[in-house]
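Listed here are the chains, written in short residue letters.
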Amino acid sequence: MAELGRFAPTPSGRMHLGNVFSALIAWLSVKSLGGEMLLRIEDLDTLRCSRENAEILKDDLRWLGLFWDREQPDQSTRSAYYEQILDTLRQRGEVFPCWCTRGDLKNAPNAPHASDGHPIYPGTCRTLTEEERRERFALRPPLWRLAVPARRVEFVDGHYGPYAEDLAADCGDFILRRADGVFSYQLAVTADDIDAGVTQVVRGRDLLSSTPRQLYLYQLLRAPVPRFYHVPLLTAPDGRRLSKRDRDLDMGLLRERCTPEELLGALAFAAGLLDRRESVSAPELIGLFSWEKLPLADIPIEL
Ligand code: GLU
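Being a predicted model, the structure only gives us computed values, none of them experimental.

Outline the sheet that holds strand β4 (residues 95–98), listing residues and values.
Overall, antiparallel pairing links the three strands, which are arranged β4-β5-β8 in an open sheet. Of all strands in the sheet, those with a lone pairing partner are β4 and β8 (175–177), marking the two edges. With direction set aside, neighbouring strand axes in the sheet form an average angle of 40 degrees. Note: strand β5 (residues 143–146) against β8, two bridges, orientation antiparallel. The residue of β8 that forms the bridge with Arg-145 is Ile-175.

Have a look at this one:
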């Protein structure tokens, strides 16, 4: 089967150097196996995302020479498909409606917290009777959560090795659709990767802990599972994580300051693919790529 990788950027602003790094590694990983790349714009959050940003993002990827072979429809246009997936889970009794507000959860006494800091859902609405649900439906629309079992989900990351989480203890019943109808990242990303037949998911290490939740969804949806590879994050020279707020490292300024080849050379050198920092094009890096060369620790970078 041909390899299929994907770019899944969120157009909530300009890409920063860290996003470019993950995109480069994703592209090299699939191209080094002779595979194809898919682009999907993850614009679920229509308040933070825009068409204009999506176009700029595509232009930035082309400028870098990171061309894609196929495009999947933007997530903002896929509600009917996500609803169908949610419905499948609903029919199997895997999800439940929830009326708890963020305030309710924050104020819950001794609420344990997941690794990413969100309070673990205490299960309040999971055990409501049909009668209680009917009453609440009449008042306002619920959000929908996946009822997770106390189960350890393990997988072997292609770069970081074995990783496991206990769904109930480490993450809790997570949201699939918000009360305003917006589908969650976890549902949409899984549904879209399944639909496209993605065979490898390559993305920043910050998403490693989302993977067990997504794997559980693959299992419930009886879908073949891609390989997951997580990429170290880039940091400022002082170790601070880069974010979209770091204007000095966003693509707007980077395109003024360097050529695509200089930028790719700096990233490839940081990734251990080059012995010295020199200008290089994306296709020239394909033959030099291997996961073993990439460090595990986050990478401080200065341009
Ligand atoms: N859209 C996500 C982001 O920009 C990436 C999702 C993924 O690769 O799974 O952070």
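I'd love a proper account of the site of the ligand, names of residues and values included.
All residues in the neighbourhood of the ligand are listed as Arg-6, Ala-8, Thr-10, Glu-42, Tyr-185, Val-189, Arg-203 and Leu-207. Measuring from an oxygen atom of the ligand, one finds a side-chain N or O atom of Tyr-185 at 2.8 Å. Summarising the interface, the protein chains cover 76% of the accessible area of the ligand, which totals 300 Å² for the free molecule. Considering only residue class, the shell around the ligand consists of four nonpolar, one polar and three charged.

Conventions and cut-offs
Residues numbered from 1 in each chain as written. Predicted model: local features only at pLDDT ≥ 70, side-chain atom pairs only at ≥ 80, totals over all residues. Heavy atoms only, no water. Pairing = 2+ DSSP bridges. Helix = DSSP H or I, 4+ residues; strand = E, 2+ residues; numbered from the N terminus. Axes fitted to C-alpha atoms, helices over the stretch in contact; angles between N-to-C directions. Near = heavy atom within 4 Å. Polar contact = N/O pair within 3.5 Å; in protein donor to acceptor, adjacent residues only side chain to side chain. Areas by Shrake-Rupley, 256 points an atom, 1.4 Å probe, with all protein chains shown as cover. Nonpolar A, V, L, I, M, F, W, Y, C, P; charged D, E, K, R; others polar.

Treat this as a map of the structure, not an account of what it does.
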